[in-house]
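Examination of the molecular architecture
Listed here are the chains, written in short residue letters.
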Amino acid sequence: MLDALVALTPFYISLFWALYFLLRGRPASSSHRLLGSFMASSAGLFLMHGFFYLEAYALYLALDPLYSLTSLSSYPLIYWYIRSLTCEPVMRWRNLWHFVPAVTVALVLGALHLVGGEAERWRYLQRLLLDNDFSLVWDRGPAAWMARVYLVSRLFFAVQVFYYLVRAWRLVGAYEQRLLSFYSELKGRRLSWVKFLTLIMIVGSLTSTLSNFMGRGYFASDHLALLLPSLAFSLVLFMVGYMGSMQRYSIQDVVLDEETNDREAAGDPTGRQSSAGSIGFSGRERLRRDLLRLMEEETLFKQADLRISDVSQRLRTNRTYLSNLINEEFGESFNVFVNRYRIQHACRLMARSEYRSYALAHLAELCGFGSVSSFNRAFKYFEGITPSQYLQAQE
């Protein structure tokens, strides 16, 4: 009973999240469907792990091609999920090409199992999977070919880890830059946890690589040794599912905000750009002066959740031109540009004795921040200390 619990805990957790994301009552987003698909694939993978470690070898051999399919589909699925959060507001079926290697390996391995017969399947199981005898690849017969396909799939798996996680990291970085160029308030919109996820996935892949090197037969003969990787994978799967369930903001919302604000800024409900939406090169300096006037004289930065389209509407220009001007003239994103004014204003307030007794939440609101955490983060970024430490230094 304890052996089954240890071996199958990752299966139970991934199955729970698969059902949660795929069978939700309200219409699920594409990102939730993809995360549910990843969890379903993981459930299949860890179920077959369970069959192996519980010595249900006949059942495992019958499903061995499915093991390769789910194993090689894990990282493409999590990559597709991250794409749905960061750069693809709608499902892109062209991403299915990422699964060609997994399907190919599964079909080839399935054909070898059918051609080889029972004796060759058991020889493959005993020598490669249980005894970790890699010399089988130099033998002849279907079992040797099964071993070759298996080892090629493991090498390809290692390549997948590097390829997909590096690309995922870059996608999150590009998404964060898009947020910085549009919003002054990022709370609830960032995907910092996804970067943490990629680091966790790297650790998980290293664990898998080590397990493959040691041989699954080692864990099949010592279930206590299986406890640590089982707990590690269970924790990773639970955290991925939990954070995915808590994620409320994605590229879908960013695109909707951009399109909605652009229509409002243009003053045309059809979404057509107004004639004042562009500006000649000669007006660049004037635009710069008007922008500084909005911030320094009209203190527009105090507006909560200020967006670049709000500013471009006031200046009667398009947000792309304004964003480029801020980047080139001030060397900052819109987010940093606005928050710099907010923190300067906060410092002026805290230098006055009547404001030192104010709660941080009130000070944050007076400066345009939507939360104390955003205020603390921005203050630490610009001043190097927290607002509380700054107040203490003023006393």
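Okay, so let's go over this structure. Predicted model, so just to flag it, every value in this text is computed and none were measured.

So, the pattern of salt bridges
For the structure shown, the criterion picks out 19 salt bridges. In this structure, R286 and D290 form a salt bridge, with 3.5 Å as the shortest nitrogen-oxygen distance. Separated by four residues within a single helix, R286 and D290 lie in helix α11 (residues 284-296), roughly one turn from each other. Taking relative accessible area as the criterion, R286 reaches 41% and is therefore assigned partly exposed. R307 is paired through a salt bridge with D305; the nearest N and O atoms lie 3.1 Å apart. Taking the relative accessible area as the measure of exposure, R307 reaches 14% and is therefore buried. Each of E120, R123, R127, D133 and D139 takes part in a single network of salt bridges with overlapping partners.

Re the packing of aromatic side chains
The description of an aromatic ring pair uses the distance of the two centres, along with the angle that the planes make with each other. Taken as a whole and assessed by the stated rule, the structure comprises 28 aromatic pairs. Measuring from ring centre to ring centre gives 5.6 Å for F52 and Y57, while their planes differ by 65°; the resulting arrangement is edge-to-face. What makes F52 buried here is its relative accessible area of 0%. In this structure Y57 comes out as buried when scored by relative accessible area, which is 16%. On the numbers, 4.9 Å between centres and 90° between planes, the contact of Y381 with F382 is edge-to-face. By way of ring pairs, the aromatic residues F16, W17, Y20, F21, F238 and Y242 are connected into one cluster.

Focus: the nonpolar core
With 93 residues, the main nonpolar core has F38, L291, M295 and V311 as its most contacted residues. Looking at this core, the element that brings in the most residues is helix α6 (residues 142-182), giving 16 residues. Among the nonpolar cores identified, the runner-up in size contains 16 residues, and L349, C367, F375 and L391 belong to it.

Cut-offs applied
- Residues numbered from 1 in each chain as written.
- Predicted model: local features only at pLDDT ≥ 70, side-chain atom pairs only at ≥ 80, totals over all residues.
- Heavy atoms only, no water.
- Salt bridge = Lys/Arg side-chain N within 4 Å of Asp/Glu carboxyl O.
- Helix = DSSP H or I, 4+ residues; strand = E, 2+ residues; numbered from the N terminus.
- Buried < 20%, exposed > 50% of the residue type's maximum accessible area, 1.4 Å probe, protein only.
- Phe/Tyr/Trp six-rings, centres within 6.5 Å; stacked < 30°, edge-to-face > 60°.
- Core = buried A, V, L, I, M, F, W, Y, C linked by side-chain atoms within 4.5 Å.

All we've got here are geometric facts, nothing functional implied.
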